[in-house]
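Examination of the molecular architecture
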Amino acid sequence: MGWKCPQCGFLQADEAATRCEACGFARGGGRLVLVAEGTGQRLSVGVNTAVGKLLLQTFAGEEHVYAAEPQFLLARDAAVGGWNIAPAPGATNPTFLNGAALGDAPAPLAPGAVISVGPTRLRLRVENEP
């Protein structure tokens, strides 16, 4: 059946292919799921999302109080077909990815990555859904 590349319009013959043969566009990204380690509850996002205290209180438990409004930004990366995380300007406590503070540039989010507020608070495990 195949798929049509949204970047160049090339008709891809193989439905399972993740890259366009013509332009290299990476297909996919799916939905991003954040799993709160403290509660086991999940948040699934499919669009660029600012994550802060108000959203975190719905699934992450008591540690949502350490987050700012917003704390970090989640965005699709169409070039590689995945997701990125970036710190939100003005967040009081730094956002960490796999134990290291986020820099100014967006960082890729791989399945199994851990996002936290400060080095130990509000730990969120990253999962992907197709």
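These numbers were taken from a predicted model, which means no experiment stands behind them. (Residues numbered from 1 in each chain as written. Predicted model: local features only at pLDDT ≥ 70, side-chain atom pairs only at ≥ 80, totals over all residues. Heavy atoms only, no water.)

1. Observations regarding the confidence of the model for the protein chain
With 93% of its residues at a pLDDT of at least 70, the protein chain reaches an overall mean of 88. Averaged pLDDT values for the elements of the protein chain fall to 80 in strand β1 (residues 3-4) and rise to 97 in strand β8 (residues 95-97). (pLDDT = per-residue confidence, 0-100. Helix = DSSP H or I, 4+ residues; strand = E, 2+ residues; numbered from the N terminus.)

2. Focus: the pairing of strand β7 (residues 82-87)
Counting buried residues in β7 gives five out of six residues, a clear majority hidden from the surface. Sheet topology places strand β6 (residues 72-77) next to β7; six bridges connect them, and they run antiparallel. Considered in β7, the bridge of Asp-77 is made with Gly-82. Counting the residues in the hairpin turn of β6 and β7 gives four residues, including Gly-81, whose phi is positive at 75°. (Buried < 20%, exposed > 50% of the residue type's maximum accessible area, 1.4 Å probe, protein only. Pairing = 2+ DSSP bridges.)

3. Section: the environment of Val-47
Summarising the element assignment, Val-47 is placed in the loop between β4 (42-45) and β5 (49-51). Owing to a relative accessible area of 56%, Val-47 belongs among the exposed residues under this scheme. Sequence spacing of Val-47 and Ala-113 is 66 residues, and the spatial spacing of their C-alpha atoms is 19 Å.

4. Here's the deal with the pattern of salt bridges
Summed over all chains, the structure comprises four salt bridges. A salt bridge links Glu-63 to Arg-121, with the shortest nitrogen-to-oxygen separation between them at 3.4 Å. Note that Glu-63 is positioned in the loop between α1 (53-56) and β6 and Arg-121 in strand β12 (residues 121-129), a separation of 58 residues in sequence. On the accessibility criterion, Arg-121 (36% relative accessible area) is partly exposed. Across the pair Glu-127 and Arg-125 runs a salt bridge, and its minimum N-O distance is 2.9 Å. What makes Glu-127 partly exposed here is its relative accessible area of 22%. Given the relative accessible area of 30%, Arg-125 is considered partly exposed. (Salt bridge = Lys/Arg side-chain N within 4 Å of Asp/Glu carboxyl O.)

5. Thoughts on the nonpolar core
Counting residues in each nonpolar core, the largest one holds 24 residues, and the members touching the most others are Leu-34, Leu-74, Ile-85, Leu-109, Ile-115 and Leu-124. Listed by contribution, the elements that provide at least two residues to this core are β3 (31-36), β4, β6, β7, β10 (107-109), β11 (114-117) and β12. Among residues more than four places away in sequence, those in contact with Leu-34 are Gln-41, Arg-42, Leu-43, Phe-59, Phe-72, Leu-74, Ile-115, Leu-124, Arg-125 and Val-126. (Core = buried A, V, L, I, M, F, W, Y, C linked by side-chain atoms within 4.5 Å. Contact = heavy atoms within 4.5 Å.)

6. Points about the sheet that holds β3
Spatially, the six strands line up as an open sheet ordered β4-β3-β12-β11-β8-β9, and their pairing is antiparallel. Every other strand in the sheet has two partners, leaving β4 and β9 (100-101) as the edge strands with one partner each. Examined bridge by bridge, β3 and β4 share four bridges and lie antiparallel to one another. Along β4, the bridge assignment pairs Leu-32 with Val-45.

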